[in-house]
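The residues making up each chain are set out below.
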Amino acid sequence: MKRREFIRVSSLLGAGAAVAPSFMLSGCAAKPLPGSGAVTSTPTVCDMCFWKCAGHVYRENGEIWKITGNPDDLHSGGRLCTRGTGGPGAYLDPDRLKQPLMRVTDADGRQRFQEVTWDVALDFIADKMRGIAETVGPERMLMLHHGSGSRHFVHLLRAYGSNSRAEPAFAQCRGPRDVGFRLTVGESVSSPERTDMANARCIVFLGCHIGENLHNAQVQTMAEAINRNATLITVDPRFSVPAGKSQYWLPIKPGTDMALLLSWMNVLIDEGLCDQDYIERYTVGFEQLAAHVRPYTPEWVYLETGIKPDVIRETAREMAKAAPATVVHPGRHATWYGDDTQRSRAVAILNALLGSWNRKGGFYIPESVDLPEYPLPDYPTPKAQTADAYPGKWPFASQGVTNGAIEASIGEDAFFKGWLVYGTNLPQSVPNVEEKLKAAANTLDLLVVVETMPSEMTGYADVILPECTYLERYDDLRNSGEREPSLALRMPAFEPRYDSKPGWWIAKQLGSRLGLDEYFPWQDYSEKLDWQLKQVGSSLEEMQRIGVKNFPRQSPLYFRPGERVQFRTPSRKIELYSKQLADQGFDPMPVYTPPDPVPNGYYRLNYGRMPAHTFGKTTNNPLLFELTPENQLWVNPLVASQWSLSSGDYVRLASPAGAISNPVRVRVTERIGPDSVFMAHGFGHKSKRLRLTAGVGADDAGLMSNIKIDPLMGGTGMRANFVTFVQQRAKSS
Amino acid sequence: MTRFAMVIDTRTCIGCGDCVVACKTENKVPAGLNRDWIVEATSGTYPNLKTEFRSERCNHCSNPTCVTLCPTGASHLWQDSNIVLVDADKCTGCKACIAACPYDARLVMHPDGYVDKCTFCHHRVEKGLDPACVSSCPTRCMHFGDLDDPGSEVSRLLATRSWKVLSPETGNEPNVYYLT
Ligand code: SF4
Ligand code: SF4
Ligand code: SF4
């Protein structure tokens with residue numbers, strides 16, 4: 001049977017009929033053509049996600065008009081993504097935080113937020129911070145953060161004496177990948193990812209759905225690879241966007257990727273398809289690995305993964321045929337099943353067997369501009385680090401672990417006494433965390449949230465500080481490690497709206513109140529940027545004109561043939577066998593563990609991204625809300641008929657622990673198998689002050705009760721969760 | 001006569017909607033309305049599937065029934081080309097063109113009382129620029145140019161790749177092409 005499913009996305013053509021006045025029967029004067037008024041433009045660096053694409057903000061007759069990519073920006077290929085193009089919505093959003101807010105308790109005991117002046121808010125925060133420093137020490141002040149603007153507050157806390165911080169980007173996202181690669185090749189995959197897809201002849205995606213996430217250069221280089229007829233192999237239980245572009249789609253049983261990776265190694269070694277010269281020159285532990293993967297034959301792995309043995313062999317041969325121009329893509333969001341660092345190690349090992357690490361068409365060596373830091377006094381040495389809050393746990397965590405730090409903030413004798421939360425909405429970014437946040441908020445001496453939007457996190461704060469958007473402020477220069485080193489400037493295109501302020505100003509004001517003026521010698525942040533730019537032969541004035549400056553590379557992009565390389569691992573080699581893992585009692589080579597079976601009547605909860613949104617951060621943006629107002633629950637037709645569900649129905653989901661979601665719109669589709677349901681992350685907002693998006697769609701994070709913690713680095717594996725439909729719709733059978 | 005055409009490669013289109021947002025901001029399209037939109041078409045049964053994303057808009061037909069049937073002359077051709085525009089001064093909002101368009105490509109009504117639609121960004125084309133959607137697309141799957149010029153990129157793409165247009169049976173001779 002051939003089914004056909006048409007969906008017209010963003011099809012609001014007819015919606016305007018209702019608002020058109022019906023009495024208007026004669027013609028009306030045309031609007032002037034766009035761009036025919038007084039047009040000016042200002043460079044910017046996009047902050048709609050973390051990718052940091054450079055662009056230009058256009059205004060016409062003083063009003064914001066549009067934001068487009070900067071053609072000189074190699075980092076973004078000169079083009080913005082959907083969200084970047086929707087940037088004006090962030091500036092115009094009427095729900096933005098407008099003024100500092102402080103929690104007050106009324107005579108009847110009820111709490112509410114009261115608008116206060118900046119002086120009142122900042123004095124209060126500085127007093128509390130001084131109190132924490134004096135009683136327990138400054139390192140008991142924790143920063144939880146995300147995004148490029150957080151650097152101002154990292155600087156503030158370091159000057160104050162605390163190096164304690166954690167970001168969900170580590171333990172809830174890419175931490176296992178970065179730790180896994182560091183353990184294996186001595187370096188991380190970094191951001192932007194150093195994948196050389198633009199030159200690859202074969203690309204393997206494992207549960208990585210580029211095109212649904214819009215990591216800009218990743219999307220662009222994937223499209224280039226398709227145009228060059230590279231072989232794409234996508235492993236995903238769902239028919240994702242890249243699956244639809246691939247020669248090979250491997251609809252794997254969820255949670256069995258490790259078995260497939262080990263089987264691919266088995267085939268490469270068994271059939272003599274590895275890059276032997278690379279292995280001998282650069283790796284240790286090949287003999288142990290060969291013995292280790294021998295049992296993972298395609299025939300055995302077929303039973304676990306559902307991928308036929310001949311497909312496993314054929315895809316392994318495709319990878320070898322294109323090697324070293326083969327990218328086994330490390331993905332980005334890697335916290336799946338709790339063995340994620342080991343799975344990322346398996347990805348790194350597979351790339352090493354193919355000889356693709358730091359070889360053309362595989363991975364490249366990133367380089368950034370050697371940009372001097374502004375001369376400032378040294379930071380004081382803190383008496384404790386973040387990891388001292390959860391001693392003995394997660395020995396390979398290279399950054400603070402959010403979930404560990406949150407737990408160490410609960411109770412009267414908790415390690416952390418104060419929080420500064422910048423740009424991260426913890427209730428949606430850390431799974432199943434609301435009760436812990438409430439408990440922490442009850443005992444912390446201070447909880448400050450710096451935000452542009454009234455996210456759920458602001459509801460936990462003592463003080464909310466409204467930051468202006470990226471279109472209204474200076475931040476640090478973009479200087480990412482990448483193919484071509486470059487600097488890019490974010491500068492204000494507009495005065496801050498309402499009583500919002502730039503992050504650098506807030507940090508300086510707090511610094512001043514804490515007696516840290518010497519760390520903030522600038523009156524305006526542009527002075528600091530100008531000084532830095534002049535050290536590398538540019539200036540603020542030049543950057544205000546050009547926005548992006550490209551610098552020549554100083555070092556090679558790939559390993560040279562036969563080059564001697566010292567890897568940053570204990571053995572100075574790529575560690576196929578990891579002695580440091582064995583020494584700490586962990587598996588020295590990745591081992592496959594079958595996933596938990598799906599309980600009867602339940603479905604695996606698969607979650608991911610959609611191109612219009614950066615998680616919950618953008619769902620209230622009027623332009624992007626209009627494009628994609630809600631998330632949809634993908635349901636296989638067999639499951640839908642069992643539960644009498646049709647596309648367009650709204651249904652609630654329940655977790656085994658009893659959590660119930662908001663109603664979510666059903667999309668019946670063949671693109672998902674009958675054992676799972678799928679939804680995009682970032683919806684189901686509870687904050688009523690987000691007037692467009694509050695209550696719209698369902699939140700996956702709130703349904704997660706079965707979290708698998710990665711013993712190596714503390715990551716929260718989130719793919720082992722199950723949901724069912726809330727009963728009323730079930731057919732009686 | 002210049003025959004402007006858009007050629008969109010469905011092999012690389014990911015349905016991201018950047019073209020939709022870029023059109024909205026460039027052309028200041030009122031809230032709730034869009035001049036272009038994305039269609040996702042999936043066929044087959046799990047796991048034998050095919051999904052195609054298409055960015056759709058007015059086809060600037062060579063035989064534009066909307067222009068023929070417009071009683072006031074508001075719907076007209078731009079300069080010596082196939083770009084179909086609506087003159088807001090002349091449009092009475094009678095909606096004859098909406099009924100006449102087999103592609104459902106016209107905005108029902110601009111809040112100011114006229115029928116609005118995709119203009120192929122003629123205000124940009126005039127300056128030698130691509131339409132806003134084309135120049136925003138992160139996968140670079142959209143191409144724009146003159147089909148009467150055999151050396152143009154769009155002519156070359158149609159000569160070397162397999163393609164389709166939507167509902168060719170309408171006889172409108174649409175000028176938005178999809179590479180397959
Ligand atoms: S990828 Fe998109 S949202 Fe992210 S920085 Fe670039 S343009 Fe902005
Ligand atoms: S911007 Fe390009 S890739 Fe995205 S939906 Fe439009 S045509 Fe497709
Ligand atoms: S697609 Fe419709 S509106 Fe556009 S030219 Fe053809 S008939 Fe007219």
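**Looking at the state of the cysteines**
Part 1 of the reasoning: Scanning the entire structure with this criterion turns up 0 disulfides over all chains.
Part 2 of the reasoning: No disulfide involves A:Cys202; its sulfur sits 14 Å from that of A:Cys208, the nearest cysteine.
Part 3 of the reasoning: No disulfide involves B:Cys121; its nearest neighbouring cysteine sulfur is the one of B:Cys133, lying 6.1 Å away.

**Remarks on the domain arrangement of chain A**
Part 1 of the reasoning: Domain parsing of chain A yields domain 1 (1-31 + 98-167 + 400-466), domain 2 (176-365 + 567-583) and domain 3 (603-729).
Part 2 of the reasoning: The C-alpha-based centres of domain 1 of chain A and domain 2 of chain A are spaced at 37 Å.

**Observations regarding the interface of chain B and chain A**
Part 1 of the reasoning: Facing the 64 residues of chain B at the interface are 66 residues of chain A.
Part 2 of the reasoning: In total, about 5300 Å² of surface goes out of reach between chain B and chain A, with carbon and sulfur atoms giving 55% of it.
Part 3 of the reasoning: Three residues stand out in chain B for area buried against chain A, namely B:Arg11, B:Glu40 and B:Tyr46, and they jointly supply 13% of the buried area on that side.
Part 4 of the reasoning: Connecting chain B to chain A are 5 salt bridges.
Part 5 of the reasoning: Of the charged contacts, one joins B:Glu40 and A:Arg671 as a salt bridge, the two residues approaching to 2.6 Å between their closest N and O atoms.
Part 6 of the reasoning: Counting residues per element, the side of chain B that touches chain A draws most heavily on strand β2 (residues 37-45) of chain B, which supplies 9 residues.
Part 7 of the reasoning: Of the residues belonging to the side of chain B that touches chain A, the class tally is 27 nonpolar, 21 polar and 16 charged.

**Quick look at the sheet that holds strand β15 (residues 446-451) of chain A**
Backbone-to-backbone hydrogen bonds join strands into a sheet, with any given pair of strands oriented parallel or antiparallel.
Residue and element names in this part refer to chain A.
Part 1 of the reasoning: Spatial ordering of the open sheet is given by β6-β5-β16-β15-β14-β7-β8, a layout of 7 strands whose pairing is mixed. Pairing within the sheet leaves two strands with one partner each, and these edge strands are β6 (111-115) and β8 (165-166).
Part 2 of the reasoning: Pairing analysis gives 5 bridges linking strand β5 (residues 101-105) to β6, with the strands arranged antiparallel. Paired with Met 102 across the strands is Gln 114, a residue of β6.

**Side note on unusual backbone geometry**
Part 1 of the reasoning: The omega torsion of the bond from A:Ala323 to A:Pro324 falls at 5°, within 30 degrees of zero and hence cis.
Part 2 of the reasoning: Here the amide bond leading from B:Tyr46 into B:Pro47 is cis, since omega sits at 0°, within 30 degrees of zero.
Part 3 of the reasoning: The topology assignment puts B:Pro47 in the loop between β2 and β3 (48-56).
Part 4 of the reasoning: Notably, B:Cys121 is not glycine yet its phi reads approximately 50°, a positive angle.

**Quick look at the site of ligand 3**
Part 1 of the reasoning: Close contacts around ligand 3 come from 13 residues, with B:Cys58, B:Asn59, B:Cys61, B:Cys66 and B:Cys101 the closest.
Part 2 of the reasoning: A class-by-class count of the residues in the shell around ligand 3 yields 7 nonpolar, 4 polar and 2 charged.

**Examining the pairing of strand β4 (residues 63-69) of chain A**
Residue and element names in this part refer to chain A.
Part 1 of the reasoning: Extensive coverage of β4 is indicated by the burial of 5 of its 7 residues.
Part 2 of the reasoning: Pairing analysis gives 6 bridges linking strand β3 (residues 54-60) to β4, with the strands arranged antiparallel. Directly across from Gly 55, in β4, lies its bridge partner Gly 69.
Part 3 of the reasoning: Hairpin geometry of β3 and β4 is characterised by an intervening segment of 2 residues between the two adjacent antiparallel strands and by a positive phi of about 50° at Asn 61.

**Comments concerning the pattern of salt bridges**
Part 1 of the reasoning: The tally for this structure, following the rule as stated, stands at 55 salt bridges over all chains.
Part 2 of the reasoning: Across the salt bridge formed by A:Arg238 and A:Glu212, the nearest N and O atoms sit 2.7 Å from each other. With A:Arg238 in the loop between β10 (231-235) and α7 (241-244) and A:Glu212 in the loop between β9 (202-206) and α6 (216-227), this pair connects stretches of sequence that are 26 residues apart.
Part 3 of the reasoning: Here B:Glu56 makes a salt bridge to B:Arg54, at a shortest N to O gap of 2.9 Å.

**Comments concerning the confidence of the model for chain A**
Residue and element names in this part refer to chain A.
Part 1 of the reasoning: Confidence in the prediction of chain A, expressed as mean pLDDT, is 94, and 95% of residues score 70 or more.
Part 2 of the reasoning: Under a pLDDT of 50 for its full length, residues 10-27 has, in the predicted model, 36 contacts with residues more than four places off or in other chains.
Part 3 of the reasoning: Confidence over residues 729-733 falls short of pLDDT 50; this stretch has 10 contacts with residues more than four positions distant or in other chains.

**Some remarks on the packing of helix α8 (residues 257-270) of chain A against helix α13 (residues 340-353) of chain A**
Residues and elements named next belong to chain A.
Part 1 of the reasoning: Two numbers describe how α8 lies on α13: the axes approach to 10 Å, and their chain directions differ by 20°. Classed by the angle they form, the pair α8 and α13 counts as roughly parallel. As α8 packs across α13, the resulting crossing turns out to be left-handed. Residues Asp 257, Met 258, Leu 261, Trp 264, Met 265, Leu 268 and Ile 269 of α8 lie in contact with α13, whose contacting residues are Gln 342, Arg 343, Ala 346, Val 347, Ile 349, Leu 350 and Leu 353.
Part 2 of the reasoning: Each residue belonging to the contact of α8 with α13 can be placed in one class, and the counts come to 11 nonpolar, 1 polar and 2 charged.

**Here's the deal with the side chain of A:Thr569**
Part 1 of the reasoning: Relative to the elements of secondary structure, A:Thr569 occurs in the loop between β18 (548-550) and β19 (574-575).
Part 2 of the reasoning: Ignoring sequence-local partners within four residues, the contact set of A:Thr569 consists of A:Arg182, A:Leu183, A:Thr184, A:Val185, A:Gly186 and A:Glu575.

**Here we look at the sheet that holds β9(A)**
All names here are of chain A.
Part 1 of the reasoning: The 4 strands lie next to each other as β11-β10-β9-β13, forming an open sheet whose pairing is parallel. Among the strands making up the open sheet, the edge pair consists of β11 (248-250) and β13 (326-328). Taken over all neighbouring pairs, the strand axes of this sheet differ in orientation by 10° on average, direction set aside.
Part 2 of the reasoning: As paired elements, β10 and β11 share 3 bridges and run parallel to each other. Across the sheet, the residue bridging to Ile 233 is Tyr 248, located in β11.
Part 3 of the reasoning: The sheet strands contacting α13 are β9 and β13, and the helix crosses β13 at an angle near 165°.

**A short note on the packing of aromatic side chains**
All names here are of chain A.
Part 1 of the reasoning: Inspection of every chain in the model, using the stated rule, returns 30 aromatic pairs over all chains.
Part 2 of the reasoning: Ring plane angle 50° and centroid distance 6.4 Å describe the contact between Phe 181 and Phe 363, whose orientation is recorded as tilted. On the criterion of sequence distance, the pair formed by Phe 181 in helix α5 (residues 168-185) and Phe 363 in the loop between α13 and α14 (402-407) is long-range, its members being 182 residues apart. Of the two residues, Phe 181 and Phe 363, neither departs from the other in class, the shared state being buried.
Part 3 of the reasoning: Where Tyr 296 meets Trp 300, the ring centres are 5.9 Å apart and the plane angle is 75°; that geometry is what we call edge-to-face.
Part 4 of the reasoning: With relative accessibility at 37%, the residue Trp 300 sits in the partly exposed group.
Part 5 of the reasoning: Through a chain of ring-to-ring contacts, the aromatic side chains of Tyr 374, Trp 504, Phe 520, Trp 522, Tyr 525 and Trp 531 assemble into a single cluster.
Part 6 of the reasoning: Geometry around Tyr 607 places Arg 719 over its ring, the cationic atom sitting 4.3 Å from the centre.

**Some thoughts on the pairing of strand β1 (residues 4-9) of chain B**
All names here are of chain B.
Part 1 of the reasoning: Among the 6 residues in β1, 6 count as buried, and that is most of the element.
Part 2 of the reasoning: Relative to strand β6 (residues 142-146), β1 runs antiparallel, the two being bridged by 5 bridges. Residue pairing for β6: Met 6 is matched across the bridge by Phe 144.
Part 3 of the reasoning: With 4 bridges connecting them, β1 and strand β8 (residues 176-179) associate as parallel partners. Within β8, the residue paired with Met 6 across the bridge is Val 176.

Analysis parameters
- Residues numbered from 1 in each chain as written.
- Chains lettered and ligands numbered in written order.
- Predicted model: local features only at pLDDT ≥ 70, side-chain atom pairs only at ≥ 80, totals over all residues.
- Heavy atoms only, no water.
- Disulfide = S-S within 2.5 Å.
- Domains from an automatic or database assignment.
- Contact = heavy atoms within 4.5 Å.
- Buried area = accessible area lost by both parts, 1.4 Å probe.
- Salt bridge = Lys/Arg side-chain N within 4 Å of Asp/Glu carboxyl O.
- Helix = DSSP H or I, 4+ residues; strand = E, 2+ residues; numbered from the N terminus.
- Nonpolar A, V, L, I, M, F, W, Y, C, P; charged D, E, K, R; others polar.
- Pairing = 2+ DSSP bridges.
- Near = heavy atom within 4 Å.
- Buried < 20%, exposed > 50% of the residue type's maximum accessible area, 1.4 Å probe, protein only.
- pLDDT = per-residue confidence, 0-100.
- Axes fitted to C-alpha atoms, helices over the stretch in contact; angles between N-to-C directions.
- Parallel < 35°, antiparallel > 145°, perpendicular 65-115°, else oblique.
- Left-handed = near helix turned anticlockwise from the far one by under 90°.
- Phe/Tyr/Trp six-rings, centres within 6.5 Å; stacked < 30°, edge-to-face > 60°.
- Lys NZ or Arg CZ within 6 Å of the ring centre and 35° of its normal.

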